[in-house]
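Listed below, chain by chain, are the residues.
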Amino acid sequence: VLLCCSWYAKELYKAEKHQYQIIKYRRSADWEQCIIETNSARTDLFPLDHTATPVVWYRGVANFSLNNMDEAEDDFIQAYIQNPNHAHVLNNLATVHELRDEHSIAEKLYLKAVELAPGFDEALINLAAVYYNQKQYPNALLTIKRVNPKTENPKFRKYLNSISSKL
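Residues numbered from 1 in each chain as written. Predicted model: local features only at pLDDT ≥ 70, side-chain atom pairs only at ≥ 80, totals over all residues. Heavy atoms only, no water.

What about the overall build of the chain?
Quick note on the threshold: Helix numbering and strand numbering both begin at the N terminus, where a helix is a DSSP run of H or I of at least 4 residues and a strand a DSSP run of E of at least 2. Buried means the residue's accessible area, taken with a 1.4 Å probe over protein chains only, is under 20% of the maximum for its type, while exposed means over 50%, and partly exposed covers the values in between. The criterion used for residue contact is that any of the two residues' heavy atoms lie within 4.5 Å. All accessible areas in this document rest on Shrake-Rupley with a 1.4 Å probe, and a residue is counted as covered only by the protein chains that are shown.
Each helix and strand in the chain was counted, giving nine helices and zero strands. Listed by position from the N terminus, the elements making up the chain come as α-α-α-α-α-α-α-α-α. Its C-alpha atoms give the chain principal-axis dimensions of roughly 65 × 30 × 30 Å. Across the 167 residues in the chain, those meeting the buried criterion constitute 44%. In the chain, 48% of the contacts between residues at least 6 apart in sequence involve partners at least 24 apart. Put simply, the chain shows about 9600 Å² of open surface, and 54% of that area lies on carbon and sulfur atoms.

As structure tokens, this is what we get:
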């Protein structure tokens, strides 16, 4: 039992070290290192970090930021399988679908993200963009008005103005 516990503790420690590095590289936008570190950290034993975020989601963000959309989609799908109730996972997977003009899939995923986290400004703004892209301007306006007007998201004012100009 002691041997098993020691092995588990060692693996947990290694996973935590990798996860710390992943977050550090993500904050500094060092996407290549983020991918490398995520590949080192991924195990079947510890698929989630301490916030219940799938570790593979970080690689998806890195791939997305590097414009590797196919890899990002694969990572976000895997992250969705690992935690289908994570608002950021839903938001990012929806964004990939929206960029591929799969509006109905994107809409469903954004709606689920907003249902889970009603104050998640990024998902609300992205959902408004989906409605805008489908020329559903009244829905877009109703959605963007749900965003906290004090948000620091740079897309908020731009999208609000674009939507308002269509009405």
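Next, the rest of the story.
What about the side chain of E98?
Applied cut-off: Within this scheme the basic residues Lys and Arg register as positive and the acidic residues Asp and Glu register as negative, but His and the chain ends are omitted. Every case where a carboxyl oxygen of Asp or Glu lies within 4 Å of a side-chain nitrogen of Lys or Arg is listed as a salt bridge.
Relative to the elements of secondary structure, E98 occurs in helix α5 (residues 87–99). Of the side chains with opposite charge, K155 lies nearest to the buried E98, which makes no salt bridge, at 11 Å. With near-sequence residues (within four places) excluded, E98 lies in contact with H103, A106, Y110, A129, V130 and N133.

Re unusual backbone geometry
Phi at A29 takes a positive value of approximately 60°, unusual for a residue other than glycine. With respect to the helices and strands, A29 occurs in the loop between α1 (2–27) and α2 (31–41). Non-glycine residue N67 carries a positive phi angle of around 65°. When you line up the elements, N67 lands in the loop between α3 (55–65) and α4 (69–82). Its relative accessible area of 58% is what places N67 among the exposed residues.

So, the state of the cysteines
Condition: We call a pair of cysteine sulfur atoms a disulfide whenever their separation is within 2.5 Å.
Within this structure, the stated rule accounts for zero disulfides. Left without a disulfide partner, C5 is nearest to the cysteine sulfur of C4, which lies 6.9 Å away. Of the residues examined, C5 reaches a relative accessible area of 47% and is grouped as partly exposed.

Describing the packing of aromatic side chains
As a reminder, the rule being used: Any Phe, Tyr or Trp ring, taking Trp's six-membered ring, that has another such ring centre within 6.5 Å forms a pair; planes under 30 degrees apart are called stacked, those over 60 apart edge-to-face, and the others tilted.
As enumerated under the stated definition, the model contains three aromatic pairs in all. Seen in terms of ring centroids, W57 and Y58 are 5.1 Å apart; in terms of plane orientation they differ by 70°. Their pairing is edge-to-face. Neither residue differs from the other here; W57 and Y58 are each classed as buried.

Side note on a nonpolar patch on the surface
Note the following rule: Only residues whose relative accessible area exceeds 30% and that form no salt bridge are eligible for patches; like-charged ones are grouped when within 9 Å, while nonpolar side chains (Val, Leu, Ile, Met, Phe, Trp, Tyr) are grouped when within 5 Å.
A contiguous nonpolar surface patch, about 380 Å² in accessible area, is contributed by W7, Y8, L12 and L45. Residue placement: W7 occurs in helix α1.

Structural notes on the environment of P154
Residue placement: P154 occurs in the loop between α8 (137–144) and α9 (155–166). With relative accessibility at 72%, the residue P154 sits in the exposed group. In this structure, the C-alpha to C-alpha distance between P154 and E71, residues 83 residues apart in sequence, is 26 Å.

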